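Structure assessment
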Amino acid sequence: MTEQQIEIQLTAEKKQKPAFDSLEFGKNFTDHMFIMDYTKGQGWHDPRIVPYQPLTIDPASMVFHYGQTVFEGLKAYLTKEGEVLLFRPQKNMERLNRSNERLCIPQIDEELALSALKRLIQVDRDWVPNVEGTSLYIRPFIIATEPYLGVAPSKRYQFMIILSPVGAYYKEGINPVKIAVESEYVRAAIGGTGDAKTAGNYAGSLKAQELAEADGYSQVLWLDGKEHRYIEEVGSMNIFFKINGEVVTPVLNGSILQGVTRDSIIHLLKHWEIPVSEKKISIDEIYEAHKQGLLEEAFGTGTAAVISPIGELFWKDEKLSINGGKTGELSKKLYDTLTGIQLGTVEDPFGWTV
Ligand code: PMP
């Protein structure tokens, strides 16, 4: 199947666009969407761009019952020159296929998916917002559509891509957030699906998030599923700490999602010759480093917020203030550099933008 086989059906009625200076995250969707079907025996077929529309699917579709589904999240940015840039989109397609592998969903053709994405953005190009801090959020996803109530891999799927113009993810922006360390609930366990981007991981995280919010915290810091001791992620972001001049992030262990932003930051730090290592990090180590005054910065990383500095950690009835609750120098530098590369205003030494 090639890009030429993507059928394009344009909408007869374009939607009214939202005001680009007051966009909320993930609430508005563009005029078109991409769809492709999979049928066992036939493979993926009928790639098409169609007007954005509700789906008609059987209530017995397996996705509704057993959650066989995967998704991705990436962004497109409009440069000052009016060009649309994607940030390392191949990485997201690779991760989508790794998630597919874990969820017994057939592999997609990454090149075709990327071509489909580019075509879709061309069609909806005037939806890429042009206000500072905004971007076009891209949500590729796959659902199991076979109508069957047995627990087994589906024989039918739909792959879709929808687009949403967005403002900043956190209303705090680059300002530091308060994080509660979660010692009861866990997000994922080794051997589970934590390193796949699948809906169940997120459904399972809502309870802890809700409780943390009720206590005035914006996200939870997840500990490992076995000992509730080692740091995994923060909310739906990867996490980094700067301790006594060195940057550390939890090593990928099978239960942590392999973030594209995480990988980019490790590359940037190495490029700047700032010491960075991936290792097992216990919450006790962080607590000790803080007590000794060595915990200089902490921040979450992800497509949505890029860098989200952590100003306070709540752990065992104690509030640990980090960098006086202010955005650290390194967090700021990483944020400025990454968003600059994404927007084409900072040199891209790695050839990341497409
Ligand atoms: N962890 C989780 C659980 C996530 O959902 C995300 C967002 N995809 C991340 C980390 C960060 O990944 P990325 O940098 O690729 O957005």
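Residues numbered from 1 in each chain as written. Predicted model: local features only at pLDDT ≥ 70, side-chain atom pairs only at ≥ 80, totals over all residues. Heavy atoms only, no water.

Turning our attention to the confidence of the model for the protein. With 98% of its residues at a pLDDT of at least 70, the protein reaches an overall mean of 96. The ipTM value of the predicted complex is 0.99, and its pTM value is 0.96. (pLDDT = per-residue confidence, 0-100.)

The subject of this paragraph is the environment of R125. Position of R125 among the secondary structure elements: in the loop between α3 (110-123) and β7 (135-144). As a C-alpha pair, R125 and L343 span 218 residues in sequence and 16 Å in three-dimensional space. Discounting chain neighbours no more than four positions away, the residues touching R125 are G82, E83 and V84. (Helix = DSSP H or I, 4+ residues; strand = E, 2+ residues; numbered from the N terminus. Contact = heavy atoms within 4.5 Å.)

In this section: helix α5 (residues 206-214). Among the residues making up α5, those that are buried are A208, Q209 and A212. Here the buried residues of α5 occupy an arc of 100° about the axis, which is enough to place them on one side. Within α5, the exposed residues directed more than 90 degrees away from the buried face are L206, E210 and A214. One or two positions beyond α5, positive phi appears at G216, with a value near 90°. (Buried < 20%, exposed > 50% of the residue type's maximum accessible area, 1.4 Å probe, protein only. Arc of directions from axis to C-beta.)

Our focus in this paragraph is the environment of F141. Structurally, the position occupied by F141 is in strand β7. F141 sits in the buried class, given a relative accessible area of 18%. For the pair F141 and I35, spaced 106 residues apart in sequence, the C-alpha to C-alpha distance is 9.8 Å. Not counting chain neighbours up to four residues away, the residues in contact with F141 comprise V70, F71, Q158, F159, M160 and I162.

Counting residues in each nonpolar core, the largest one holds 44 residues, and the members touching the most others are F34, L117, I121, I138, I142 and F159. When residues of this core are assigned to their parent elements, the largest contribution, seven residues, is made by α3. Excluding its chain neighbours within four sequence positions, the residues that come into contact with I142 are W44, Q68, T69, V70, L96, N100, I105, I108, Y157, Q158 and F159. Ranked by size, the runner-up nonpolar core spans 23 residues in total, among them I283, A298, A305 and W315. (Core = buried A, V, L, I, M, F, W, Y, C linked by side-chain atoms within 4.5 Å.)

Following the criterion strictly, the structure yields 11 aromatic pairs and no others. Relative to F299, the ring of F240 lies with its centre 5.4 Å away and its plane at 5°, an arrangement referred to as stacked. Within this pair, whereas F240 is found in strand β12 (residues 238-243), its partner F299 is found in strand β15 (residues 295-302), the two being separated by 59 residues in sequence. No difference in accessibility class separates F240 from F299, as the two residues are buried. Ring pairing ties together the aromatic residues F34, Y38, W44, Y157 and F159, which thus form one cluster. Above the ring of Y52, the side-chain terminus of K15 is found at 4.5 Å from the ring centroid. A cation sits over an aromatic face here: K333 above W272, 4.1 Å from the ring centre. (Phe/Tyr/Trp six-rings, centres within 6.5 Å; stacked < 30°, edge-to-face > 60°. Lys NZ or Arg CZ within 6 Å of the ring centre and 35° of its normal.)

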